[in-house]
Amino acid sequence: MFPTSAFRETLGKAVRIFRQHDIRFHLTGGVASVFYGEPRLTQDIDIVIDNGQVAGAADSFVQCLEESDFMFDPDSVHQAIASRGMFQLLDVIETLKLDIYPRELIPGELDRSVLREVFEGEMLPVASCPDVATSKLIWISKGSHKSRRDLRQIVRVASEPDRHRIEDSSAQLGLAALLEEVLGEPDEIS
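Definitions and limits used
- Residues numbered from 1 in each chain as written.
- Predicted model: local features only at pLDDT ≥ 70, side-chain atom pairs only at ≥ 80, totals over all residues.
- Heavy atoms only, no water.
- Helix = DSSP H or I, 4+ residues; strand = E, 2+ residues; numbered from the N terminus.
- Buried < 20%, exposed > 50% of the residue type's maximum accessible area, 1.4 Å probe, protein only.
- Contact = heavy atoms within 4.5 Å.
- Areas by Shrake-Rupley, 256 points an atom, 1.4 Å probe, with all protein chains shown as cover.
- Lys, Arg positive; Asp, Glu negative; His and termini not counted.
- Charge placed at Lys NZ, Arg CZ, Asp CG, Glu CD.
- Polar contact = N/O pair within 3.5 Å; in protein donor to acceptor, adjacent residues only side chain to side chain.
- Phe/Tyr/Trp six-rings, centres within 6.5 Å; stacked < 30°, edge-to-face > 60°.
- Lys NZ or Arg CZ within 6 Å of the ring centre and 35° of its normal.

(A) Quick peek at the overall build of the protein. Check the secondary structure of the protein and you find nine helices and seven strands. Counting only C-alpha atoms, the protein reaches 50 × 35 × 30 Å along its principal axes. The proportion of buried residues among the 190 residues of the protein is 48%. The long-range share in the protein, meaning contacts at least 24 apart out of those at least 6 apart in sequence, stands at 62%. When the accessible surface of the protein is totalled, it reaches about 9600 Å², and 51% of it is carbon and sulfur. Mean positive and mean negative side-chain charge positions of the protein (20 and 32 charges, respectively) differ by 4 Å.

(B) Structural view of unusual backbone geometry. At D22, a residue that is not glycine, the phi angle is positive and equals roughly 55°. Here D22 shows up in the loop between α1 (4-20) and β1 (25-28). Backbone geometry at T95 places phi at a positive 55°, although glycine is not the residue there. Inspection of the secondary structure assignment puts T95 in the loop between β4 (87-91) and β5 (96-101).

(C) Representation of the environment of D131. If you trace the backbone, D131 turns up in helix α6 (residues 129-141). For D131, a relative accessible area of 5% corresponds to the buried category. The contact partners of D131, leaving out residues within four places of it in the chain, are I106, E109 and R112. Looking at D131, its side chain comes within polar contact range of the side chain of R112, at 2.9 Å.

(D) Region of interest: the side chain of D50. Inspection of the secondary structure puts D50 in the loop between β2 (44-49) and α3 (51-56). Not counting residues within four places of it along the chain, the set of residues in contact with D50 comprises I23, R24 and L110.

(E) Representation of the packing of aromatic side chains within the structure. Here the structure, examined in full by the defined rule, presents four aromatic pairs. Relative to F25, the ring of F18 lies with its centre 5.3 Å away and its plane at 40°, an arrangement referred to as tilted. Each member of the pair, F18 as well as F25, carries the same accessibility label: buried. One aromatic cluster in this structure is built from F18, F25, F61 and F87. Directly above the ring of W139 sits K142, whose terminal nitrogen or CZ lies 5.4 Å from the centroid.

Next up, the structure:
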C-alpha cells in the first residue's frame, strides 16, 4: 500500500493542473467509497473531469502534463477527451496511477460534488454519496465484483434521503433489481 503522503503528492500535482486550466473535477471510485462506506485499500485514484472544459484547453492541458512528473501518452489523452473515454497518468516519482474520466458517468454529477477533507487541512471535491453508489451499481452491471461490497457498505451508512436517491437512480437506469440483488448478498464468504 502506498503511504498517504504519496497519494497527497500525486493528487496535488493533478489538482494544480486542473485548477490552472479551470477544469472542474471530483474524486470518485475507491477513494470516494472510503468517505461513504468503509476504509479499503486502493492502488489508484479515479477522477472525473469536465469534458467541455478540458476539451477547450486540451493542447495547453497536455503541454502542462508533459512538463509534469506524469508519464502518459498524449494521443491517448486527446482521444479520450474526444471520445469521452478514459486516460491514465502515472506519477513517475510516487509511482501512483490516476484514472482520469473526461465525462460524467451520471449526468450532473460534477454539480453535486461535495467538499470533503481528503487530507488534513485539504478540502477537495468528492462525488456525492448517491452518485458514488450509482456509479458502483453501473460498474457492477459491467462485471465489477469489487464494487459489490463497496455498494453494500455505502448504502448501509447512507442517510435516508441518500438511500432514496440511490433507489431512484437505480430505477431510472433499469438497475433496481440488480441493486436489490447486491444489497441482499452477504459480505463474508461462507
